[in-house]
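Structural overview
Letter by letter, the chains look like this.
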Amino acid sequence: MSNLTIKTKVVLLSIISIFMISFFIIALSAYDIVSLNTQNIEQSKEDLLKSRKYQIKTQIETASKAIESFYNDSKGNNVANSIKKKSIEFENILMSFYNTNKDNYTQEELETGLKRLIKSYRYDDGVGYYWINDLDYKMIMHPIKPSLDGKVFKDTPKVPFVELAVDAIKKSGQQNAIISYDFMHPKTNVYESKISSVFVFKPFNWIIGTGAYKSHLEKKLKERAKKVIDNLRYGKDGYFWINDMDGIMISHPKKKLEGKSFADAEFVILGKKIANSRGEGYADYSFPKAGSSKPEPKTSYIKYFPEWKWMIGTGLYIDDIDKKAKQMEIESDEKLNAMIVEMII
């Protein structure tokens, strides 16, 4: 270096300075680009996760409305309207029978025929039936408990519906009424809450009634709600599940899982925490995909339906988000390397 001329030294120092400045600029630019790309990748991950979460929350809102509609059908007024409709339809059947046969049979024969028809009539898988009493509180015919026939029921707490029916008709001055009481369920032999509709059959001054056990109605509505959720799908493979607060699986696309306990499963534990706090929310956990035993990250939205003690949920796996982010990092590094080479050249 000492043998070089001053001019040469100046030139070399200038070249070195330019190289160092260029290297610094390239390094600084690369750092800025890497930082920006990292921010963009993280933002993309965040946006994609938000989109997934919004999607599953929206789906749960739709599914929960379906359940709520079935539950609303089990409320008193709706039950009463449903039973009253059945009563009106049955009254029309009886009047048609009476009008068709009144000119061909005696009153006694008509009574016998109508009693036989009413006694044998069933609906709702054999649970629904009709009884007959008169306006003097006497049971004329009860198809489930024939031991009641011919007896007067006033001030009888175990058989309250006769008195309730007569008093409701007399008090209202109408030809029909709705009454509520407890009575023995024909399939369980347990006294349960019941709502009944009664009407006056004018040809014989009979009060004819029918009712629905709330437990039976709720069971039917739960079955219908479950069937809807069973068949509800969205996207490529989006589905819903329902479990109770004990972790028993009620509804799932994999039917073999229904009836089994998942009390120790992470999604049930998190779901119970959500149910006992805010009632609905997101749960992040790991769960194996179909056909695999390896847990994968998943985010779900779970909503508690306290009236039936159901937790309904749906979720999406999010492992592909990290895979997409990794691919974005690789593509970003390749572009950065190509840019650096181009700048150097």
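As a reminder, the structure under discussion sits directly above these lines.
These numbers were taken from a predicted model, which means no experiment stands behind them.

Rules of the game
- Residues numbered from 1 in each chain as written.
- Predicted model: local features only at pLDDT ≥ 70, side-chain atom pairs only at ≥ 80, totals over all residues.
- Heavy atoms only, no water.
- Phe/Tyr/Trp six-rings, centres within 6.5 Å; stacked < 30°, edge-to-face > 60°.
- Helix = DSSP H or I, 4+ residues; strand = E, 2+ residues; numbered from the N terminus.
- Buried < 20%, exposed > 50% of the residue type's maximum accessible area, 1.4 Å probe, protein only.
- Lys NZ or Arg CZ within 6 Å of the ring centre and 35° of its normal.
- Expected span 1.5 Å × (residues − 1).
- Salt bridge = Lys/Arg side-chain N within 4 Å of Asp/Glu carboxyl O.
- Pairing = 2+ DSSP bridges.
- Axes fitted to C-alpha atoms, helices over the stretch in contact; angles between N-to-C directions.
- Contact = heavy atoms within 4.5 Å.
- Core = buried A, V, L, I, M, F, W, Y, C linked by side-chain atoms within 4.5 Å.

1. A closer look at the packing of aromatic side chains
One pass over the structure, following the stated rule, counts 23 aromatic pairs. Centre to centre, the rings of Tyr98 and Phe204 are 5.9 Å apart; their planes meet at 90°, and the pair counts as edge-to-face. With Tyr98 in helix α2 (residues 76–101) and Phe204 in the loop between β4 (191–201) and β5 (206–213), this pair connects stretches of sequence that are 106 residues apart. Using a relative accessible area of 13% as the deciding quantity, one classes Phe204 as buried. Chaining the aromatic ring pairs together yields one cluster made of Trp131, Phe161, Tyr181, Phe183 and Tyr191. Here the basic side chain of Lys53 rests over the ring of Tyr282, its NZ or CZ set 5.1 Å away from the ring centre.

2. What about α2?
When the terminal C-alpha atoms of α2 are compared, their 37 Å separation across 26 residues agrees well with the 38 Å that a helix rising 1.5 Å per residue should span. Where α2 is concerned, the buried positions are Val79, Ala80, Ile83, Ser87, Phe90, Leu94, Tyr98 and Asn101.

3. A short note on the pattern of salt bridges
Scanning the model with the defined rule gives 8 salt bridges in all. Across the pair Asp284 and Lys53 runs a salt bridge, and its minimum N-O distance is 3.9 Å. With a gap of 231 residues between them, Asp284 in strand β8 (residues 280–288) and Lys53 in helix α1 (residues 6–73) connect regions that are remote in the sequence. Three or more residues are tied together by salt bridges with common partners; here these are Lys226, Asp230, Lys255 and Glu258.

4. Remarks on the pairing of strand β3 (residues 176–184)
Taken residue by residue, a regular strand's side chains alternate between the two faces of the sheet. Relative to β4, β3 runs antiparallel, the two sharing 9 bridges. Residue Ile178 lies in a different strand from β4, and its bridge partner there is Ser197. Between β3 and β4, which follow one another and run antiparallel, lie 6 residues, and Asn189 among them has a positive phi close to 60°.

5. As for the sheet that holds β4
Strand order across the open sheet formed by 5 strands is β2-β1-β5-β4-β3, with antiparallel pairing between neighbours. The outermost strands of the open sheet, each flanked by one partner alone, are β2 (139–141) and β3. Between one strand and the next, the sheet's axes are offset by a mean angle of 35°, whatever the strand orientation. Sheet contacts for helix α3 (residues 107–120): β1 (130–133), β2, β4 and β5; angle to β5, the most-contacted strand, approximately 5°. Lying on the sheet, helix α5 (residues 214–230) is in contact with β4 and β5; it crosses β5 at an angle near 50°.

6. Section: helix α4 (residues 161–172)
Relative to the 16 Å expected for 12 residues at 1.5 Å per residue, α4 spans 16 Å between its end C-alpha atoms, a close match to the ideal helical length. Taken together, the buried positions of α4 are occupied by Phe161, Val162, Glu163, Ala165, Val166 and Ile169. Buried positions along α4 lie against β1, β2, β3, β4 and β5. Positive backbone phi, at 70°, marks Gly173, one or two positions downstream of α4.

7. Comments concerning the sheet that holds strand β6 (residues 241–244)
Strand order in the open sheet formed by 5 strands is β7-β6-β10-β9-β8, with antiparallel pairing between adjacent strands. The sheet is open, and its two edges are formed by β7 (249–251) and β8, each paired on a single side. Direction aside, the axes of adjacent strands within the sheet are offset by 35° on average. Of the pairings in the sheet, the one linking β6 to β7 comprises 2 bridges and is antiparallel in character. Bridge assignment links Asn243 to a residue of β7, and that residue is Met249. Packing against the sheet, helix α6 (residues 266–276) makes contact with β6, β7, β8, β9 (295–305) and β10 (310–317), and its axis sits at approximately 170° to β8.

8. Considerations on the nonpolar core
Of all hydrophobic cores here, the largest spans 24 residues; its most connected members are Ile67, Ile229, Phe240, Ile242, Trp308, Trp310 and Ile312. The set of elements that each furnish at least two residues to this core consists of α1, α2, α5, β9 and β10. Excluding residues within four positions of it along the chain, Ile67 makes contact with Ile229, Ile242, Phe305, Trp308, Trp310 and Ile312. Counting residues in each nonpolar core, the second largest holds 21 residues, with Val162, Ile169, Val200 and Tyr213 among its members.

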